[in-house]
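Chain and residue survey
Residues per chain, in single letters:
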Amino acid sequence: MAKNKTSPDEMSFLDHLEELRWHLIRSTLAVVIIGIVAFVFSRFIFDVIIFGPLDMDFPTYKVFCDAATSIGMESDFCKDKVPFTIQSRTMSGQFSADIWTAIWAGIIIGFPYILFELWKFISPGLYEKERKHSKGFIFIASLLFFLGVLFGYYIVAPLSINFLGSYQVSDIVLNEFDLDNYIGLLRSAVLACGIIFELPIIIYFLTKVGLVTPEILKKYRKIALVIVLIISAVITPPDVTSQIIVAIPVLILYQVSIYISARVLKREAKREAKLKKNHVKSS
């Protein structure tokens, strides 16, 4: 990041580390506080949110069931109940799941505040105009993250749970999944989508530091498409429909990132032209 030349304060490396330490402490404290609240309401979080995709009345299942029925197809989404059970096979299994769920809830819900602390740390190193143009950073980044979380929860997770939960190599083998395994699948789908939806923000900063241009993004669009499909295959069941459903919003985000990159360069060009004009006038 460019150094704020107008600032009279010159911080040493150790000063920066001390400043970073306090930002991390405050972020951790926020996660702990939210986690404690989540632990208090753990019954609601588990019964309504985490185990929501186990109910065949879950909105996603109803939509896919109605879609399949409308074209005369049978679908696993129209079943009365999921074809598997969730179990805990260790004495501390449910308690550990409760603790870790509270921690991850603190991280997800506290994401805007974590971003705020990160922004407070890096913003002094920006020029005044850069800070001005980046005022909406926390709001936009948080919005994209939560949109990704919702997409992961309502689309990716139900597709994965339905496919993997009903998959059998033989009728002899029963699907009885461990609680930690089920929560891990749900958490991975939610967090992966939340991070993927941050693509426009990542491209924005890569463009600002000169590592990415719209031309590069357009040139490697086909390679990006392959990478998107690979990512979709990793976080979704191995069927074409699920991969396409996940790939579509990511490709849209990629196109939006190209537009953002072009806007950033256009703004930078205008700023440089203005500086040159002012320099010519002053000389």
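Residues numbered from 1 in each chain as written. Predicted model: local features only at pLDDT ≥ 70, side-chain atom pairs only at ≥ 80, totals over all residues. Heavy atoms only, no water.

Naming follows an unreviewed UniProt entry, where the protein appears as Sec-independent protein translocase protein TatC of Maribacter algicola. The Subunit (unreviewed entry) comment attached to the protein in UniProt states, word for word, "Forms a complex with TatA." According to its UniProt record, the protein has this under Sequence similarities (unreviewed entry): "Belongs to the TatC family." (UniProt positions renumbered as here; feature names shortened; annotations may be inferred.)

Attention now moves to the overall build of the protein. Of the regular secondary structure elements, the protein holds twelve helices and two strands. For the protein, the N- to C-terminal ordering of α and β elements is α-α-α-β-α-α-α-α-β-α-α-α-α-α. Expressed as a percentage of the 283 residues in the protein, the buried residues total 36%. Of all intrachain contacts in the protein linking residues separated by at least 6 positions in sequence, the fraction that spans at least 24 positions is 81%. As displayed, the protein has an accessible area near 17900 Å², and 68% of this comes from carbon and sulfur atoms. (Helix = DSSP H or I, 4+ residues; strand = E, 2+ residues; numbered from the N terminus. Buried < 20%, exposed > 50% of the residue type's maximum accessible area, 1.4 Å probe, protein only. Contact = heavy atoms within 4.5 Å. Areas by Shrake-Rupley, 256 points an atom, 1.4 Å probe, with all protein chains shown as cover.)

Time to look at a positive patch on the surface. Where like charges cluster on the molecular surface, the positive patch consists of Arg263, Lys266, Arg267 and Lys270. With respect to the helices and strands, the residue Lys266 is situated in helix α12 (residues 240-282). (Patch = residues over 30% accessible without salt bridge, like charges linked within 9 Å, V, L, I, M, F, W, Y side chains within 5 Å. Salt bridge = Lys/Arg side-chain N within 4 Å of Asp/Glu carboxyl O. Lys, Arg positive; Asp, Glu negative; His and termini not counted. Charge placed at Lys NZ, Arg CZ, Asp CG, Glu CD.)

Right, let's get into the packing of aromatic side chains. With the rule as written, the count across this model stands at 17 aromatic pairs. Their ring planes at 35° and their centres at 5.2 Å tell us that Trp119 and Phe137 sit as a pair that is tilted. Placement of the pair is Trp119 in helix α5 (residues 111-122) and Phe137 in helix α7 (residues 137-166), with a sequence separation of 18 residues. Owing to a relative accessible area of 12%, Trp119 belongs among the buried residues under this scheme. Measuring from ring centre to ring centre gives 5.9 Å for Phe163 and Tyr167, while their planes differ by 35°; the resulting arrangement is tilted. You can call Phe163 partly exposed: its relative accessible area is 24%. Directly above the ring of Trp22 sits Arg21, whose terminal nitrogen or CZ lies 5.2 Å from the centroid. (Phe/Tyr/Trp six-rings, centres within 6.5 Å; stacked < 30°, edge-to-face > 60°. Lys NZ or Arg CZ within 6 Å of the ring centre and 35° of its normal.)

In this section: the UniProt feature "transmembrane region" (unreviewed entry) in the protein. Summarizing the sequence annotation, UniProt attributes the feature "transmembrane region" (unreviewed entry) to residues 29-51, 99-116, 137-156, 185-207, 219-238 and 244-265 in the numbering used throughout. With 91% helix and 0% strand, residues 29-51 has its two end C-alpha atoms placed 28 Å apart.

This paragraph deals with the nonpolar core. In terms of nonpolar packing, the biggest core is built from 46 residues, with Ile50, Phe137 and Ile183 touching the most fellow members. Among the elements of the structure, α2 (42-50), α3 (59-70), α4 (93-109), α5, α7, α8 (179-196), α9 (199-208) and α12 are those that each provide at least two residues to this core. The leading source of residues in this core is α7, at twelve residues. Setting aside residues no more than four positions away along its own chain, Ile50 makes contact with Ile45, Thr101, Tyr182, Ile183 and Leu186. Among the nonpolar cores identified, the runner-up in size contains six residues, and Ile203, Val212, Leu217 and Tyr254 belong to it. (Core = buried A, V, L, I, M, F, W, Y, C linked by side-chain atoms within 4.5 Å.)

Let us look at the packing of α4 against α8. Closest axis-to-axis distance for the α4/α8 pair is 10 Å, and the angle between their directions is 10°. Relative to α8, the element α4 lies roughly parallel. Listed contacts from α8 to Gly93, Gln94, Ala97, Thr101, Trp104 and Ile108 of α4 are Leu179, Asp180, Ile183, Arg187, Val190 and Leu191. Broken down by class, the residue content of the contact of α4 with α8 amounts to seven nonpolar, three polar and two charged. (Axes fitted to C-alpha atoms, helices over the stretch in contact; angles between N-to-C directions. Parallel < 35°, antiparallel > 145°, perpendicular 65-115°, else oblique. Nonpolar A, V, L, I, M, F, W, Y, C, P; charged D, E, K, R; others polar.)

The subject of this paragraph is α3. Look at α3: 17 Å from first C-alpha to last across twelve residues, which is about the 16 Å you get at 1.5 Å a residue. If you check which residues of α3 are buried, you get Thr60, Tyr61, Cys65 and Ala68. The buried residues of α3 occupy an angular sector of 125° when projected down its axis, which confines them to one face. More than 90 degrees from the buried face of α3, the exposed residues found are Val63, Asp66 and Ser70. Where the residues of α3 are buried, they touch α7. Backbone geometry just downstream of α3 places Gly72 in the positive-phi region, at approximately 75°. (Expected span 1.5 Å × (residues − 1). Arc of directions from axis to C-beta.)

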